[in-house]
Amino acid sequence: KELVERICKQYPDLPSAVAEKMDELQNGVATRVKLFGQLVLWTVEMRRLEELVASLPPPPGSSPSPTPMKASAAKPPPKGGDEDAEFSATASAMIQKDMKRTDLLPENLEFLQKEIDDLENDAAVLGMMLAQSVHQREQAEDEALSRAAPRSFLSLWRRR
């Protein structure tokens, strides 16, 4: 806002339509920065979700995958400075890629919003996969307990 106001003060004969267009573009730049930041955050979160999904054990009763992941191979979520480093590395890589784009501001805003929407949808799908895995694991545990409980009860009763 301040930049356009300064230009208008410096050039008082500037047509109001030009000032309005500059103000619109200035607001678009702020929106672009916000959307780009959201895109970086969603990209980092998607990477974490993908790692979680990849580390899930196979569903009970299914054959293990040809290359099962060991529990030690799954990385825990980053802590403290690691999150900052991950964000910085991701942002730097995305900035390098973004600098090669040649679209104009309106098209770029649409592109960024579409990318964010796609990542949000992907995150929802991965979240459902994680929830389904937890649900299946809980069901398997409940079934194992229900099968084990009668035997335990009978063995306790026979000891009397």
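Thresholds applied
- Residues numbered from 1 in each chain as written.
- Predicted model: local features only at pLDDT ≥ 70, side-chain atom pairs only at ≥ 80, totals over all residues.
- Heavy atoms only, no water.
- Helix = DSSP H or I, 4+ residues; strand = E, 2+ residues; numbered from the N terminus.
- Buried < 20%, exposed > 50% of the residue type's maximum accessible area, 1.4 Å probe, protein only.
- Areas by Shrake-Rupley, 256 points an atom, 1.4 Å probe, with all protein chains shown as cover.
- pLDDT = per-residue confidence, 0-100.
- Contact = heavy atoms within 4.5 Å.
- Phe/Tyr/Trp six-rings, centres within 6.5 Å; stacked < 30°, edge-to-face > 60°.
- Lys NZ or Arg CZ within 6 Å of the ring centre and 35° of its normal.
- Salt bridge = Lys/Arg side-chain N within 4 Å of Asp/Glu carboxyl O.
- Core = buried A, V, L, I, M, F, W, Y, C linked by side-chain atoms within 4.5 Å.
- Patch = residues over 30% accessible without salt bridge, like charges linked within 9 Å, V, L, I, M, F, W, Y side chains within 5 Å.
- Lys, Arg positive; Asp, Glu negative; His and termini not counted.
- Charge placed at Lys NZ, Arg CZ, Asp CG, Glu CD.
- Axes fitted to C-alpha atoms, helices over the stretch in contact; angles between N-to-C directions.
- Parallel < 35°, antiparallel > 145°, perpendicular 65-115°, else oblique.
- Left-handed = near helix turned anticlockwise from the far one by under 90°.
- Nonpolar A, V, L, I, M, F, W, Y, C, P; charged D, E, K, R; others polar.

Helices and strands together make up the secondary structure of the protein, namely four helices and zero strands. N-terminal to C-terminal, the α/β element order of the protein is α-α-α-α. Out of the 160 residues in the protein, the part that is buried amounts to 19%. Carbon and sulfur atoms form 59% of the exposed surface of the protein, whose accessible area is close to 12,300 Å².

The subject of this paragraph is the confidence of the model for the protein. When pLDDT is averaged along the protein, the result is 82; 77% of the residues meet or exceed 70. No element of the protein has a lower mean pLDDT than helix α4 (residues 105-158), which averages 84, and none a higher one than helix α2 (residues 16-54), which averages 93. Below a pLDDT of 50 lies the segment residues 66-77, which in the model reaches five contacts outside its immediate sequence neighbourhood of four places, other chains included.

The next thing to look at is the packing of aromatic side chains. By the definition in use, this model includes zero aromatic pairs. Over the aromatic face of Phe-111 sits the side chain of Arg-101, whose NZ or CZ is 3.6 Å from the ring centroid.

A separate point is the environment of Val-44. Checked against the element boundaries, Val-44 lands in helix α2. Along the primary structure Val-44 and Thr-90 are separated by 46 residues, whereas in three dimensions their C-alpha atoms are 7.0 Å apart. The contacts of Val-44, once residues within four sequence positions are left out, are Glu-86, Phe-87 and Thr-90.

On inspection of all chains with the given rule, the structure shows seven salt bridges. Among the ionic pairs, Asp-98 bridges to Arg-32, the shortest N-O distance being 2.2 Å. On the criterion of sequence distance, the pair formed by Asp-98 in helix α3 (residues 81-98) and Arg-32 in helix α2 is long-range, its members being 66 residues apart. Look at Asp-98 and you get buried, because its relative accessible area is 15%. Notably, a salt bridge pairs Asp-103 with Arg-101, separated by 2.6 Å at the nearest N-O pair. Given a relative accessible area of 27%, Asp-103 falls into the partly exposed group. Several salt bridges share partner residues, and in doing so they unite Glu-45, Arg-48 and Glu-86 into one network.

With that settled, consider the nonpolar core. It is characteristic of soluble globular proteins that their nonpolar side chains tend to be buried jointly. Ranked by size, the top nonpolar core spans 15 residues in total, and within it Leu-39, Met-46 and Leu-49 carry the most contacts. Broken down by secondary-structure element, the contributors of at least two residues to this core are α2, α3 and α4. Tallying contributions element by element places α2 first for this core, with seven residues. For Met-46, the contacting residues outside a window of four places in its chain are Leu-119, Asp-122, Ala-123 and Leu-126.

Right, let's get into a negative patch on the surface. Where like charges cluster on the molecular surface, the negative patch consists of Glu-138, Glu-141, Asp-142 and Glu-143. Take Glu-138: it is sitting in helix α4.

Further remarks concern the packing of helix α1 (residues 2-10) against α2. Where α1 contacts α2, the two axes come as close as 9 Å, and the packing angle between them is 160°. Here α1 is positioned roughly antiparallel relative to α2, judged by the angle of their axes. When you trace α1 past α2, the crossing you get is right-handed. The segment α1 lies against α2, with Glu-2, Leu-3, Val-4, Ile-7 and Cys-8 engaging Ala-19, Met-22, Asp-23 and Gln-26. In terms of residue class, the contact of α1 with α2 is made up of six nonpolar, one polar and two charged.

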